[in-house]
Amino acid sequence: MTAADLEFGQKATIRNIDLTHPSSQRILEFGFTPGQEIELLNKTLFNDPISISVRGSLIALRKDDAESIQI
Amino acid sequence: MPVSSLNSQKQKTSLVTLVGPPNSGKSTLYNLLSGSKAKTVNYPGSTIEYSISRFLKHFDVQAALVDSPGIVSLMPDSPEEKLSIDYLFSHPKYGSPDLIVITADASQLSRHLFLVQQVIDTNAKVIVALTMIDLLNKKGYDISVNRLNQLLKCDVIPVNGRNGKGLDNLIDSIKKNLKKKKSKVIYNYKNDYGTKLVDIYKTTEFIENEVLYPIGEGAKQKTADNDLLYDELKIKSDIIKIKPDERTLKLDRLFLNKYWGILIFLLIMASVFTSIFWLAAPLMDIVDLLFTTLSNNVTTLFGETWFSNLLSDGIITGVGSVLIFIPQIMILFLLLGFLEDTGYLARGAMLVDRPLSKIGLNGKSFVPMLSGFACAIPAIMATRTIKNKKERFLTIFIIPLMSCSARLPVYALLLAFLLHGSPFLSGITLALIYLFSITSSLIIAGIINKYQSKIIKVKDSSSFILELPTYRLPNIKNVIRNTITNANHYVKRAGPIIIIFSLVIWFLTYFPNSNPVITNSGDLSKKEVLELKSSERLTNSYASMIGNFIEPVMKPLGMDWRIGVSIITTFAAREVFVSSMAMIFKVTDTEGDLRTSIVDAMKNAKIKDTNKKLFTTSTVIGLIVFFVFALQCISTIAVSKKETGGWRLPILQLVIFTTMAYVLTFITVNGLKLFGVE
Ligand SMILES: Nc1nc2c(ncn2[C@@H]2O[C@H](COP(=O)(O)OP(=O)(O)O)[C@@H](O)[C@H]2O)c(=O)[nH]1
Ligand SMILES: [Mg+2]
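None of the values given here were measured: they were computed from a predicted structure. (Residues numbered from 1 in each chain as written. Chains lettered and ligands numbered in written order. Predicted model: local features only at pLDDT ≥ 70, side-chain atom pairs only at ≥ 80, totals over all residues. Heavy atoms only, no water.)

### What about the overall build of chain A?
When its secondary structure is counted, chain A shows two helices and six strands. For chain A, the succession of helices and strands along the chain, N to C, is β-β-α-β-β-β-α-β. The C-alpha atoms of chain A give a radius of gyration of 11 Å, which matches the 11 Å a tight globule of 71 residues would have. When burial is assessed residue by residue, chain A has 65% of its 71 residues classed as buried. For chain A, the accessible surface area stands at approximately 2,500 Å², while carbon and sulfur atoms represent 46% of it. (Helix = DSSP H or I, 4+ residues; strand = E, 2+ residues; numbered from the N terminus. Rg over C-alpha atoms; globule rule 2.2 N^0.38 Å. Buried < 20%, exposed > 50% of the residue type's maximum accessible area, 1.4 Å probe, protein only. Areas by Shrake-Rupley, 256 points an atom, 1.4 Å probe, with all protein chains shown as cover.)

Okay, structure coming up:
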């Protein structure tokens, strides 16, 4: 499963980051690293982009980008 | 503060560079340290350029201070970012910093220490300015600054950007560190980012766990650096888990709601654009009164001479007709500044990402596009935040279609003609013009996106990742200061051009036949003689001769050479249109105020050798359409060339937009006539 599959208000722990994904460097730099707990907080119209909390911050990202976050 | 004067002393003056992730309080600190004379151009969105200034005098620091664009990491993943980082360590103009001050948000410590750790690893001399401790306290934690200082092995100074607390300590630390020897900086961009980045985060997590300690939910009391309290509380706590700001989560449930969120977004945007008109109206009347009085006094003082004519008709009318729009421009900047400072703009970007991605743009195009309503130049530079080259070029391509503030004076004049000065109707119509320009730009983006392989010629993967900052009450002082700086830039940029063009146009319309002979057979009043004189003077002027060349181009649009000449002058700056019109249509009626007298002159203007009115509803609407599309700004073309690294895009913009403007104006004017609108 990836962070793109999370439901509204669902929490998860990051298992791994897919380094073959083109956004993986950005994703890591924003603080999505293995072991971190994340929570899906909002889905906008069309369910994309979504906002996820990590390390006490809120990050908005597309589902395409969230697919690099394996949970 | 002239940059050159700082540069020339580069050898002697030390350089302090401010670095920090976006929203870490960097610009706030820059403003506190450099005072109001700072040469910072902080357009809504972000700091996009390096800017330099001196420290405020009373700090007594012999150094220049540089503000840099916000970065998340020292590992670039685009050429623009690589440039930003290269400039950080050795700027082509300002050189390499003697000292780096990094701002870090204490309420998201592990994320913000990420950059701090990377910069420290380069061996640069570093001070950490720890901001937002008040927010950290609200989340129920406090921080041991001493412990952080030990772990990072560099000075850590808590500062509060809101009230300036801690600034003196920061200054002391800067002075102390500047005395130390400059260190040799080593940095290289490695590609093994996967493990490397995770390792850095492991370090910052460890540090966060070491230095933070819980002080109980909602605790207000602040310990400066109470190590006893730290030891006592630290033992009891286990792993630190900072949560997002509660209030922000609640507000987001509304602002990012699938339906309410969109509705609120549209309402906010609509009210921003309508208030540009109705909030500004009373202020504009004041400016207007000022210049009308001035112009009248000059005429009374010098009488009917060429000199008085030059002063009142040339310079005062010209400058006044443009300065009158300062209130509108300031209100635009003020509102954008407020939106940005509250943290809402990032939400706006998120809300529009999906629709924009359908036409080849990105949510990150939103802020540059919005800034484009102020001025295309910083807006084009702000596209640097867009990673994907295709999306970036497409955003740059359509930015000139955003109704920049230089078009405001033009629309205001034309709307005053159409709507007889009703602020309510003008506000609504202006909002419609804005809507029209946005819609057109989106359609054009969509079309170009379809054929983009021919026009833009780059391929890249697309992404949208953006931090949503904590909602805050806007820092009114900063917003107002930025607004004033921006208005200042507007006047400084447009002012000289307007004066020069006013003089040129006055000259072209006044000579060579400066004193035409009117044979008065006795039945003409003195006033009529004067009017005949000025119309005779204009008909045989240089301007009219130039006008004969462009007359054939203007005729199909139902316009004449006088409008043509006014349009030509707009290539220096669009707002010059108003002063050119004012002068060419001879605002001799100094009784009325500036706007209405131009409007009256427009109403009286006739097509040559006929009794037909030159300005009709259809031609004025046609002119509005022309100004929506035409790319009449040399500076925009220059920036577009610089930012895209070639002439291809700017030339396409110039040709496509100007052709479109002409064709669509033709269709509008003649279409309206076909339907009986004159
Ligand atoms: N509560 C609080 N807010 C701050 C502090 N410092 C800055 N801010 C606010 O944080 C926001 C972002 O600051 P800014 O200087 O624009 O950040 P930049 O993106 O790093 O330039 C602004 O609304 C500031 O008023 C602080 O110490 N405490
Ligand atoms: Mg800033």
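Back to the write-up after that little detour.
### Focus on the sheet that holds strand β4 (residues 99-105) of chain B
Residue and element names in this part refer to chain B. Spatially, β2-β3-β1-β4-β5-β7 is the arrangement adopted by the six strands of the open sheet, whose pairing is mixed. One side of each edge strand has no neighbouring strand; the edge strands of this open sheet are β2 (51-54) and β7 (155-158). For this sheet the average axis-to-axis angle between neighbouring strands, irrespective of direction, equals 25°. Across four bridges, strand β5 (residues 126-131) lies against β7 in parallel orientation. Residue pairing in the sheet places I127 in a bridge with D155 of β7. In this fold helix α6 (residues 145-152) packs onto β5 and β7, with an angle of close to 150° to the strand it touches most, β7. (Pairing = 2+ DSSP bridges. Axes fitted to C-alpha atoms, helices over the stretch in contact; angles between N-to-C directions. Contact = heavy atoms within 4.5 Å.)

### As for the environment of I546(B)
Following the sequence through the fold, I546(B) ends up in helix α24 (residues 542-554). Between the C-alpha atom of I546(B) and that of L508(B), which follows or precedes it by 38 residues, the distance is 9.2 Å.

### As for the site of ligand 1
Residues and elements named next belong to chain B. Contacts to ligand 1 come from 18 residues, most closely from N23, K26, S27, T28 and D134. Between N23 and ligand 1, the recorded distance is 2.7 Å, taken from a backbone N or O atom to an oxygen atom. Between ligand 1 and D341, the relevant distance is 3.1 Å, taken from an oxygen atom to a side-chain nitrogen or oxygen of the residue. Starting from 580 Å² of accessible surface for ligand 1 in isolation, the protein chains cover 90%. For the shell around ligand 1, the elements supplying multiple residues, two or more each, are α2 (26-34) and α5 (133-138). It is α2 that provides the largest number of residues to the shell around ligand 1, a total of three residues. (Near = heavy atom within 4 Å. Polar contact = N/O pair within 3.5 Å; in protein donor to acceptor, adjacent residues only side chain to side chain.)

### Remarks on the interface of chain A and chain B
Think of interface size as the accessible area that goes away when the parts come together; that is how it is often given. Residue-level contacts link 36 residues of chain A with 47 residues of chain B. The interface formed by chain A and chain B contains three salt bridges. As a salt-bridge pair, D353(B) and R62(A) come within 2.7 Å of each other at their nearest N and O atoms. Take the side of chain A that touches chain B: its biggest share by element is six residues, from helix α1 (residues 24-29) of chain A. Taken together, the residues of the side of chain A that touches chain B sort by class into 16 nonpolar, 13 polar and seven charged. Pairing of strand β5 (residues 57-61) of chain A with strand β9 (residues 465-468) of chain B, which is carried by four bridges, proceeds in the antiparallel orientation. Note on β9(B): the bridge partner recorded for I59(A) is E467(B). (Salt bridge = Lys/Arg side-chain N within 4 Å of Asp/Glu carboxyl O. Nonpolar A, V, L, I, M, F, W, Y, C, P; charged D, E, K, R; others polar.)

### A word on helix α26 (residues 576-584) of chain B
Burial runs high along α26(B): nine of the nine residues are buried. Of all the residues in α26(B), the buried ones are V576(B), F577(B), V578(B), S579(B), S580(B), M581(B), A582(B), M583(B) and I584(B).

### Looking at the packing of helix α20 (residues 423-450) of chain B against helix α28 (residues 617-629) of chain B
All names here are of chain B. In contact at an axis separation of 10 Å, α20 and α28 are set at 50° when each is read in the N-to-C sense. The angle between α20 and α28 places the two elements in the oblique class. As α20 packs across α28, the resulting crossing turns out to be right-handed. Contacts between α20 and α28 involve I433, F436, S437, S440 and I444 from the first element and I624, V628 and F629 from the second. Its residues assigned to classes, the contact of α20 with α28 shows six nonpolar, two polar and no charged. (Parallel < 35°, antiparallel > 145°, perpendicular 65-115°, else oblique. Left-handed = near helix turned anticlockwise from the far one by under 90°.)

### Here's the deal with the sheet that holds β5(A)
Taken in spatial order, the five strands of this open sheet run β1(A)-β3(A)-β4(A)-β5(A)-β9(B), and their pairing is antiparallel. Of all the strands in the sheet, the pair left with one neighbour each is β1 (11-13) of chain A together with β9 of chain B. Along the sheet, successive strands turn relative to each other by an average axial angle of 30°, direction set aside. Note that strand β4 (residues 50-54) of chain A and β5(A) share five bridges and pair antiparallel. Counted as the bridge partner of I50(A) is L61(A) from β5(A).

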